Amino acid sequence: MTIPVYKETAVALKGRKGLIVGIANDQSIAWGCAKAFRALGADLAVTYLNEKAKKHVEPLASELEAPIFMPLDVGVPGQLEGVFERIKKEWGQLDFLVHSIAFSPKEALHGRVIDVKRDGFLATMDVSCWSFIRMAHLAEPLMKKGGTLFTMTYYGSQMVVENYNIMGVAKAALECTVRYIASEVGPKGIRVHAISPGPLATRAASGIPEFDELMAKAQAKAPARSLVSIDDVGKAVAFLALDGAKLMTGDTIYIDGGYHIID
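What you are looking at is a predicted structure, and each value in this text was computed from that prediction instead of being measured.

Novice: Account for the overall build of the protein, naming residues and giving values.
Specialist: Looking only at helices and strands, the protein has 8 helices and 8 strands in total. Buried residues in the protein amount to 52% of all 263 residues. Contacts in the protein between residues far apart in sequence, at least 24 positions, make up 73% of those at least 6 positions apart. Total accessible area on the protein stands at roughly 13,000 Å², and carbon and sulfur atoms take up 55% of it.

Now the structure itself:
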């Protein structure tokens, strides 16, 4: 596969440095984002969860010509700090960050919110929300000339979506986090966005019960009667990293079925 490059846009992000967290395979939202950033000329650091995931992610990192390729499990003490330390050492800067990870133990995700045990709740919030806070904290000193932080959310944070359960609670916390962090780092020229692409057939989404039915309902309700692709999401995210989008921050941006809503 060749990453497309268009003459009129190929240098829009030339010289910019970005960290992409959350590529699991070529169906990942983070992969769609990474392709779009690279097509605009950005240099990327790419992480993979563990050795099992490495074989799926390494070929994609090679396509991106990623000079930094490291393991990152946010549950392993020191790994996250190690990634940022290497970015600091090799680049001395960071211009954008894509946080596209979430997790909930099966027992917590498949049960009622009212029945979630403390360990399940904490594990869900740790990976799905706190990890973004920590990444923002580590990214801030590297964004000396401003930058953009992205994380991925879903409509289940705003309304009850059947079977989304405790992840809806985590995404609501994540969106609130985006607004507070945007207020805190905005004076430094750092923008923060939560991106809500709607339901997509990713590896992570496969853990949600009856997800195929959820996708079918979303497609039927969308004005275009179709769902967006990871490439659609990537292009929208890359646009928000451009200087022309600098007045936008702290938003939850819905990209779903042919229309974009900025809330």
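What follows continues from the structure just given.
Novice: Give me the lowdown on the packing of helix 3 (residues 79–90) against helix 5 (residues 118–139), citing residues and values where you can.
Specialist: In a pair of packed helices, the angle between the axes and the distance between the axes together describe the arrangement. Their axes nearest at 10 Å, the elements helix 3 and helix 5 cross at an angle of 30 degrees. Considering the angle they form, helix 3 stands roughly parallel to helix 5. The handedness of the crossing between helix 3 and helix 5 is right-handed. Residues L80, E81 and F84 of helix 3 form the contact with helix 5, whose own contacting residues are R134, M135, L138 and A139. Looking at the contact of helix 3 with helix 5 residue by residue, the classes come out as 5 nonpolar, no polar and 2 charged.

Novice: Any details on the pairing of strand 3 (residues 68–71)? Residues and values, ideally.
Specialist: In the sheet, strand 2 (residues 43–48) pairs with strand 3 via 4 bridges, with the strands oriented parallel. Each bridged residue has a counterpart across the sheet, and for A45 the counterpart in strand 3 is I68. Handedness of the crossover joining strand 2 and strand 3 through helix 2 (residues 51–63): right-handed.

Novice: Describe the packing of helix 1 (residues 29–39) against helix 8 (residues 230–240), with residues and values.
Specialist: Packing of helix 1 against helix 8 leaves a shortest axis separation of 7 Å and a crossing angle of 50 degrees. Classed by the angle they form, the pair helix 1 and helix 8 counts as oblique. Helix-helix and strand crossings are classified by hand; for helix 1 and helix 8 the assignment is right-handed. Contact with helix 1, carried on its side by I29, W31, G32, C33, K35, A36 and F37, involves I230, D231, V233, G234, K235, V237 and A238 of helix 8 and no other residues of that element. Across the contact of helix 1 with helix 8, the residue classes tally to 9 nonpolar, 2 polar and 3 charged.

Novice: Please provide a residue-by-residue account of the pattern of salt bridges, values included.
Specialist: Any two side chains of opposite charge can pair, given that their charged atoms come close. In the structure shown here, the tally under the stated rule is 10 salt bridges. With a shortest N-O distance of 3.2 Å, R134 and E81 are connected by a salt bridge. Of this pair, R134 sits in helix 5 while E81 sits in helix 3, and the two are 53 residues apart along the sequence. Residue E81 is classed as partly exposed on the basis of its relative accessible area of 30%. Put simply, E140 and K188 hold a salt bridge, and the shortest N to O gap is 2.6 Å. Of this pair, E140 sits in the loop between helix 5 and strand 5 (147–152) while K188 sits in the loop between helix 6 (166–185) and strand 6 (190–196), and the two are 48 residues apart along the sequence. Taking relative accessible area as the criterion, E140 reaches 25% and is therefore assigned partly exposed. Classification of K188 as partly exposed rests on a relative accessible area of 48%.

Conventions adopted
- Sequence order sets the numbering: in each chain, residues are counted from 1 along the sequence as written.
- Where local features are concerned, this predicted model is filtered to residues with pLDDT of at least 70; where side-chain atom pairs are given and counted, the filter is 80 or more; whole-chain, interface and lining totals use all residues.
- Note: side-chain values were computed over all heavy atoms of the structure, leaving out hydrogens and water.
- Only DSSP runs of H or I with at least four residues qualify as helices, and only runs of E with at least two residues qualify as strands; both kinds are numbered from the N terminus onward.
- The cut-offs for exposure are 20% and 50% of the maximum accessible area for each residue type, with area from a 1.4 Å probe on protein chains only; residues under the lower value are buried, those over the upper are exposed, and the others partly exposed.
- Any two residues whose heavy atoms approach within 4.5 Å at even a single point are treated as in contact.
- In this description, accessible areas are obtained by the Shrake-Rupley approach with a 1.4 Å probe, and a residue is regarded as covered only by the protein chains that are shown.
- Comment: axis = line fitted to C-alpha atoms, over the contacting stretch for helices; angle = value between 0 and 180 degrees taken between N-to-C directions.
- Roughly parallel refers to an angle under 35 degrees, roughly antiparallel to one over 145, roughly perpendicular to one between 65 and 115, and oblique to any angle outside these ranges.
- By convention the crossing between two helices is left-handed if the near helix lies anticlockwise of the far one by an angle smaller than a right angle, and right-handed if it lies clockwise.
- Note on residue classes: Ala, Val, Leu, Ile, Met, Phe, Trp, Tyr, Cys and Pro are nonpolar, Asp, Glu, Lys and Arg are charged, and everything else, Gly too, is polar.
- A pair of strands counts as paired when DSSP detects no fewer than two bridges linking them.
- With its strands directed away from the observer, a crossover is right-handed exactly when the path from the first strand over the helix to the second travels clockwise.
- Put simply, a salt bridge is a Lys or Arg side-chain nitrogen that is within 4 Å of an Asp or Glu carboxyl oxygen.

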